[in-house]
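Notes for the structure review
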Amino acid sequence: MSEEGRFDYIIVGGGSSACVVAARLVADGRARVLLLERGPAKANPIMHFPAGYMKFLAKDIYLVMHKTKPQPQLDGRGPIVPQGRVLGGGSTVNAMVYMRGQAADFDLWNALVTAPGSKNDGSWSYGDLLPYFKAQEDNDHLAGEYHGVGGPLKISHLSHTSPMTRTYVKTLQEMGIPYNPDFNGAEQFGVGFMQHTIDWRTRKRSSAVNAFLAPVMKDPRLTIRTGATVTAIRMDGDRAVGVDYVLNGSPKTALAGAEVILAAGAYQTPKLMMLSGIGPEDELTRHGIKTKVALSGVGKNLQDHYECPVVATTQGSFGYYKQDRGWPMIKAGLQYLMFKSGPVSTTGVESCAFYDPDGHQERPTIQMFCVPTVYLDRDVMGSEPADGVTINSLLLRPKARGSVMLASNDPFADPIVDTQIFDHPDDLRLTMAGFRFARTVLAASPMRDLIDKEIFPGAEVTSDEAIAAHCKRTVKTGYHPVGTCKMGHDDDPEAVLDPALKVRGTHGLRVIDASLMPTIVSGNTNAAVLAAAGKAADLILA
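Only a predicted model underlies this, so the values are computations on that prediction, with no experimental measurement involved.

1. Things to note about the overall build of the protein
Looking only at helices and strands, the protein features 13 helices and 23 strands. Scaling as 2.2 N^0.38, a compact globule of 542 residues should have a C-alpha radius of gyration of about 24 Å, and the protein matches this with 23 Å. Overall, the protein is about 70 × 50 × 50 Å in size when its C-alpha atoms are taken along their principal axes. Counting every position in the protein, which comprises 542 residues, the buried fraction comes to 61%. Long-range contacts, defined here as pairs at least 24 residues apart, represent 70% of the contacts in the protein between residues at least 6 apart. Of the charged side chains in the protein, 55 are positive and 57 negative; the average position of the first set lies 6 Å away from that of the second.

2. Some points on the domain arrangement of the protein
Per the domain assignment, the segments of the protein are domain 1 (1-100 + 205-299 + 481-541) and domain 2 (160-202 + 303-400 + 422-474). On a C-alpha basis, the centres of domain 1 and domain 2 stand 31 Å from each other. Contacts between the two partners involve 29 residues from domain 1 and, on the opposite side, 34 residues from domain 2. Taken over both partners, the interface formed by domain 1 and domain 2 buries close to 2600 Å², and the fraction arising from carbon and sulfur atoms is 54%. For the domain 1 face of the interface with domain 2, the top three residues by lost area are Met 99, Ile 520 and Ser 522, together amounting to 22%. Our count for the domain 1 to domain 2 interface comes out at zero salt bridges. Put simply, domain 1 and domain 2 have 17 residue pairs in polar contact (both at pLDDT 80 or more) between them. Here the residues of the side of domain 1 that touches domain 2 are counted per class, giving 17 nonpolar, seven polar and five charged.

3. Considerations on unusual backbone geometry
At the junction of Ser 445 and Pro 446, the peptide bond is cis and its omega measures out at 5° in the coordinates. For Pro 446, the position within the fold is in the loop between helix 11 (425-442) and strand 21 (451-456). Pro 457 follows Phe 456 through a cis peptide bond whose omega is 5°. Considering the arrangement of structural elements, one finds Pro 457 in the loop between strand 21 and helix 12 (464-474). Even without glycine at this site, Arg 203 takes up a positive phi of about 60°.

4. Structural notes on the side chain of Ser 16
Note that Ser 16 resides in helix 1 (residues 16-27). In contact with Ser 16, not counting residues within four places along its chain, are Gly 88, Ser 91, Ala 208, Asn 526, Val 529 and Leu 530.

What counts as what
- Residues numbered from 1 in each chain as written.
- Predicted model: local features only at pLDDT ≥ 70, side-chain atom pairs only at ≥ 80, totals over all residues.
- Heavy atoms only, no water.
- Helix = DSSP H or I, 4+ residues; strand = E, 2+ residues; numbered from the N terminus.
- Rg over C-alpha atoms; globule rule 2.2 N^0.38 Å.
- Buried < 20%, exposed > 50% of the residue type's maximum accessible area, 1.4 Å probe, protein only.
- Contact = heavy atoms within 4.5 Å.
- Lys, Arg positive; Asp, Glu negative; His and termini not counted.
- Charge placed at Lys NZ, Arg CZ, Asp CG, Glu CD.
- Domains from an automatic or database assignment.
- Buried area = accessible area lost by both parts, 1.4 Å probe.
- Salt bridge = Lys/Arg side-chain N within 4 Å of Asp/Glu carboxyl O.
- Polar contact = N/O pair within 3.5 Å; in protein donor to acceptor, adjacent residues only side chain to side chain.
- Nonpolar A, V, L, I, M, F, W, Y, C, P; charged D, E, K, R; others polar.

In structure tokens form, the structure reads like this:
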């Protein structure tokens, strides 16, 4: 086994949080940093275009397609859950939605990491994190109390929206849901157009690589190894001193003088910890792994967003059906290359509404997306694709908790992901309520003037039992897994991290990715991961 050398910090994983922290440690800390990413260094150039990600959404070129444990409450289904596998992680392959969540989400984090009776909070409140959101942001038209100007991450509204999207936004307003010009502002309730991590100057993706890592890429203190799979954290007693990894089939070792920082994501970070002897003793013993640090919470507390669809055909072309082939594709490509406008400049998912079926609109529980096409697989729907619209109701804060456990002690084997989707009755109840509300949108003016008929699951599906069966059959991930190495206070037996993101019972080991979240945020998770990583960098540098 060859030795790579000694660094100040080793970062395992090359996703959003890794890019933020690596850049800060090199630029501000003048530290020697090794960043290890198991995917490639770059994605296809098409991924830079806002519409480009859809070409790769169902492929495993830049994604790991984790199979999940069959769920009895889903009649035996085990939905696939993808994870980014490329430098930049999710920020390189996602739909680019920039959604922070609700202020109450972060205030809850703060409450969960603050010891009962303590006079000092854990400093993870919305007020604590807002300066990081603002410092990272360069918004195309928003500023002031909630938004930043001049930061590295470019945020903009889409330059193109479909007639279906605009009709959806008007319909919800006719139904009494107010127009919200800024979901990342004072409140989330309402309907409107989503902000995206798209550079408003070039109309290209603003990934974590472009925004944060690119300025330090040529700094000799930064070493990036892609195609590198980390197999173990090297421990000297309770101290993390380095990592073992495989690069191009060759085993290597790298040593860290200060810290090993885990940023491999909510599935792979707990897996690597357990492979290294850090985790629940019974799980480690089951796979013949010697326990070095017993932490019962590693791999527990898995949360994700889950969504269910209703699909209708339309009386004309008001969206993006067949826009990715033939002459329409060529025309759209030319328009984008020449004018940075048209269908290629959109992500295809342009608007949403936040509301609560139980009426608590100050804390919405459903994010309802309008997708201006029929995009479900024919095998799922039983119908051919056509001009139409898909309305997805996504559950923002599921109460069920899943887990990530080892399949074996083979570092190249994917972990066992147990989602526990709908294991709590409120999760299914709210999802069914969201489905019913989506149907009322299709039947309301002016949306109904564009609709031909509901094709999936079909207007005849009306009973509670039939709607529940539809939700169980179609529910899918929102691509936002979090929480499997949660932070918490000293009295929480399931807390893996302290409020400074250090792994309990160890020295020199920290987690900075979405695993750290004690509870999931109410919206797409990339923005929250970036802000948390900004705070993590300050904690490390301090």
